[in-house]
Structures are given as structure tokens and as C-alpha cells.
Amino acid sequence: EQVDITLSSEYQNLAKTMYHPIGMDWEKFNLDVIGMCDAAMARDPEGVNLGSGHLGFAAQKIKKLMEEMYCKYGCKRRIEMEESEAKNKFQQVLLTSGNTEPAMQVEWRKHAFPERKYER
């Protein structure tokens, strides 16, 4: 069965406002993988100690690798994307809001100050 991947207009409008419209939700991914591994280890509790070739052992190994990957890579990428989104958002705000204030906010002095002599 094929999955229809056409994007809704609501999502397309949201994606236009984002710097990274397609990104991975590392929190959900981590929780899903750990949940699957916990379920597999509950299904084969003796397999954890029996070694290679058992469901529990493989699930425990995958769970450890996922935790390491999330700690080293996932958290870093999530923070980088959040910072990048915030930076882009504030850049767009600064670019669209023009500076309407004059450089000098007091009356302009049309004549230069007289030259001063600093020699003794």
C-alpha cells in the first residue's frame, strides 16, 4: 500500500516560515527506539544473558547504542537546529523592520567647531 505524501496547505505555509522545515525529532526517535527495545527485552528476558542470536541480547545492544547516539549526536543536532531557527527568525525581523530614527537625534550643527590648538 502506497502512502500519500502530499503536504497539506497548512503544513506548506508553516514550512515557508521555518529555516529548517524538515528536521528530525530526536526526542521522539529516542523514546520510540528505547520503547521497542524495552518491549523486546520484556518478551525475551533470558535472552539478555544468553548472548548473541537472542532477541533480548540484540535489543539491549541496540538500546545502549541508541542512548550513546542520542547523547553524542541527537542532543547536539536538536540544539543546533533550535539556535539556527531562532537566529533566522530574529534576522528576518531585523531585516523587515527598517530603522526610521535619524543618526543624530538632536539639531544638526551646520558649522564646524573652531579649530583648537593643543601646542604649548
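Definitions and limits used
- Residues numbered from 1 in each chain as written.
- Predicted model: local features only at pLDDT ≥ 70, side-chain atom pairs only at ≥ 80, totals over all residues.
- Heavy atoms only, no water.
- Salt bridge = Lys/Arg side-chain N within 4 Å of Asp/Glu carboxyl O.
- Helix = DSSP H or I, 4+ residues; strand = E, 2+ residues; numbered from the N terminus.
- Patch = residues over 30% accessible without salt bridge, like charges linked within 9 Å, V, L, I, M, F, W, Y side chains within 5 Å.
- Areas by Shrake-Rupley, 256 points an atom, 1.4 Å probe, with all protein chains shown as cover.
- Buried < 20%, exposed > 50% of the residue type's maximum accessible area, 1.4 Å probe, protein only.
- pLDDT = per-residue confidence, 0-100.
- Axes fitted to C-alpha atoms, helices over the stretch in contact; angles between N-to-C directions.
- Parallel < 35°, antiparallel > 145°, perpendicular 65-115°, else oblique.

Here we take up the pattern of salt bridges. Considering all chains together, one arrives at four salt bridges under this definition. E27 is the salt-bridge partner of R78, the closest N and O atoms lying 3.3 Å from each other. Here R78 is found in helix α4 (residues 55-96), whereas its partner E27 is found in helix α2 (residues 26-43), with 51 residues between them in sequence. Connected via shared salt-bridge partners are E27, R78 and E82.

Together, M24, F29, M69 and Y73 line one region of the surface with nonpolar side chains, adding up to about 350 Å² of accessible area. Note on F29: relative accessible area 32%, which makes it partly exposed.

Moving on, we come to the confidence of the model for the protein chain. Put simply, the protein chain has an average pLDDT of 81, and 87% of its residues get 70 or more. Looking over the protein chain, one finds the lowest element-wise mean pLDDT in helix α1 (residues 9-16), namely 69, and the highest in α2, namely 91.

Another aspect to go through is the packing of α2 against α4. Remark: α2 packs on α4, axes separated minimally by 9 Å, with the N-to-C direction vectors making an angle of 170°. Considering the angle they form, α2 stands roughly antiparallel to α4.

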